[in-house]
Amino acid sequence: MLSMIPPEPELFYSRDDPMDPRLGDLVKPVSRDIDEALKSAQIALLGVPEDRGIKANGGKQGAALGPKAIRRSFYRLTPGFGLDVSDLSMVDLGDVPTGDDLAGTHRNLTETVKKIVSAGVFPVVLGGGHDLTYPGLLGLVEGSSLREGQLGVINVDSHLDVRDMSHGITSGTPFRRALEELPDRALLGRSFVEFGIQEQYNSPHYYRWVKDKGATVLTLSSVGTRPMEYFLEASRVACDGTRAVALSIDIDSVRSHEAPGASASNPRGFKAPELEKVAYLAGRTDRIKYLDIMEMSPPLDEGGRTAALCASTLFWFCKGFRERG
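Keep in mind that what you see is a predicted model, and the values were worked out from it rather than measured.

Novice: Before we move on, could you go through the overall build of the protein chain and cite the residues and values that matter?
Specialist: When helices and strands are tallied, the protein chain shows twelve helices and nine strands. For 325 residues, the compact-globule estimate of 2.2 N^0.38 gives 20 Å, and the C-alpha radius of gyration of the protein chain, at 18 Å, lies within 12% of that figure. Oriented by its inertia axes, the alpha-carbon framework of the protein chain measures out at about 55 × 40 × 40 Å. Each of the 325 residues in the protein chain was classed as buried or not, and the buried ones make up 59%. Once local pairs closer than 6 in sequence are excluded, the contacts in the protein chain between residues at least 24 apart make up 79%. For the protein chain, the computed accessible surface area is about 13,200 Å², with 48% contributed by carbon and sulfur atoms.

Novice: Account for the confidence of the model for the protein chain, naming residues and giving values.
Specialist: Detailed reading of the predicted coordinates is not advisable wherever pLDDT falls low. Of all residues in the protein chain, 100% attain a pLDDT of 70 or more, and the chain-wide mean is 96. When pLDDT is averaged over each element of the protein chain, strand β5 (residues 151–156) comes out on top at 99 and strand β1 (residues 28–29) at the bottom at 90.

Novice: Kindly report on the packing of aromatic side chains, identifying the contributing residues and their values.
Specialist: Under the defined criterion, the tally for this structure stands at ten aromatic pairs. Centre to centre, the rings of Phe 122 and Phe 317 are 5.3 Å apart; their planes meet at 45°, and the pair counts as tilted. Here the residue Phe 122 occupies a position in strand β4 (residues 122–126), and Phe 317 occupies one in helix α12 (residues 305–322), the gap between them amounting to 195 residues. Under the relative-accessibility criterion, Phe 317 is labelled buried at 1%. Ring pairing ties together the aromatic residues Phe 12, Phe 74 and Tyr 75, which thus form one cluster. Above the ring of Tyr 13, the side-chain terminus of Arg 76 is found at 3.8 Å from the ring centroid.

Novice: Any chance you could break down the packing of helix α4 (residues 66–74) against α12 for me, citing the residues and the numbers?
Specialist: In contact at an axis separation of 8 Å, α4 and α12 are set at 65° when each is read in the N-to-C sense. Pair α4 / α12 crosses with right-handed handedness. For the pair formed by α4 and α12, the contact residues are Ala 69, Ile 70, Ser 73 and Phe 74 on the first element and Ala 307, Ala 308, Cys 310, Ala 311, Leu 314, Phe 315 and Cys 318 on the second.

Novice: How would you explain unusual backbone geometry if you had to name every residue and give the values?
Specialist: Gly 128 follows Gly 127 through a cis peptide bond whose omega is 10°. Mapped onto the fold, Gly 128 is located in the loop between β4 and α6 (133–144). Here the phi dihedral of Ser 145 falls at roughly 55°; this positive angle occurs in a residue that is not glycine. Structurally, Ser 145 can be placed in the loop between α6 and β5.

Definitions and cut-offs
- Residues numbered from 1 in each chain as written.
- Predicted model: local features only at pLDDT ≥ 70, side-chain atom pairs only at ≥ 80, totals over all residues.
- Heavy atoms only, no water.
- Helix = DSSP H or I, 4+ residues; strand = E, 2+ residues; numbered from the N terminus.
- Rg over C-alpha atoms; globule rule 2.2 N^0.38 Å.
- Buried < 20%, exposed > 50% of the residue type's maximum accessible area, 1.4 Å probe, protein only.
- Contact = heavy atoms within 4.5 Å.
- Areas by Shrake-Rupley, 256 points an atom, 1.4 Å probe, with all protein chains shown as cover.
- pLDDT = per-residue confidence, 0-100.
- Phe/Tyr/Trp six-rings, centres within 6.5 Å; stacked < 30°, edge-to-face > 60°.
- Lys NZ or Arg CZ within 6 Å of the ring centre and 35° of its normal.
- Axes fitted to C-alpha atoms, helices over the stretch in contact; angles between N-to-C directions.
- Left-handed = near helix turned anticlockwise from the far one by under 90°.

This is the structure we're talking about:
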C-alpha cells in the first residue's frame, strides 16, 4: 500500500468528557501500520485532496480541501442514540497522495481501495472531484475480483457524469469510464442507476447514451416527494444479480440553500434530511460495499453548512451500517 498522508491530529475533536464522547474520540487515526489497523477495522476512511478533474471540466476548484473540512465536522459529532456507532471499528487512513498528474492520483486511489477491500474492510472515500469515483470503483472491482455484471452502482447526483474522454479525464467522465473501461465488463448498464438527475442541467445526447446502455435514470422530478421509496427501487435494481454495489454521492444533489459549498450548486435538489435518509438506507443495505462523497468545496461554502451536511450524511450511513445483520 502507498504511504498515506496522516490525518491532522487537531481534526479529531474531543471534549475530554466520558459523558459526552465525540467521533473524534472513537475513530482511530492511522499513522504507520496500515495493514495492522485494517485487521480489526470495519470501515476505513480516506481522503483524496484532488480537484484537477473539476478544473478540466470547466468548474471551480476548491474540492481538494473537502476531505479536511468533512473530517473537521464529522469528528465533532456524537455517536448517536440507541444502537449507536460507538461499537463500529472505524479507522482514518489519512489522505491518498496526489500524483504529478491526475492519472497518477487515480492510480494511487485504485491501489488504496483495492488494499482496503481485499482486507474485507468497507472503504469510505472523501473527495475531491467526481472523477475520483472511477478509480475507486476500479479498486473495488479488483479487490473483490468482480467479473461481468457483478458490480452495481448508484450515482446520487444532479448530473449524469457520462461525458466522453475527448477532453481527457474530467469530473464529468467517471460513469462513462465505469461502463466502458472496468475490467471484464464488471458494470453493465442494467445495474447502473442515476438518482436525482436534473433534466435542465444535462445534455440530451448523454441522456440518450446512458439510456441506450440500459441504465435506469430517476430524475429529481420523477422522484418528487418520495425519495426513500425510489431509493429502495434504485437499490433493488443495482443489487439484482450483482455481488457488490457502490454508492456515489455528489453533494450537488442537494439544493444550494443547504449545500452552498457544492462545486456546481443549484437551487433545486434534495433536502438535507432526504439525503441523510438515503444514506441511512444505504448503510443498512448489505450489498453496498463502497461509498464516496464528492465535490464538497470549502471556498464556496457558507458557514460550514455543506461540510456539516457531508458529515451528517456519513454519520447516518454509519448508523445504518451498524444495523446490518
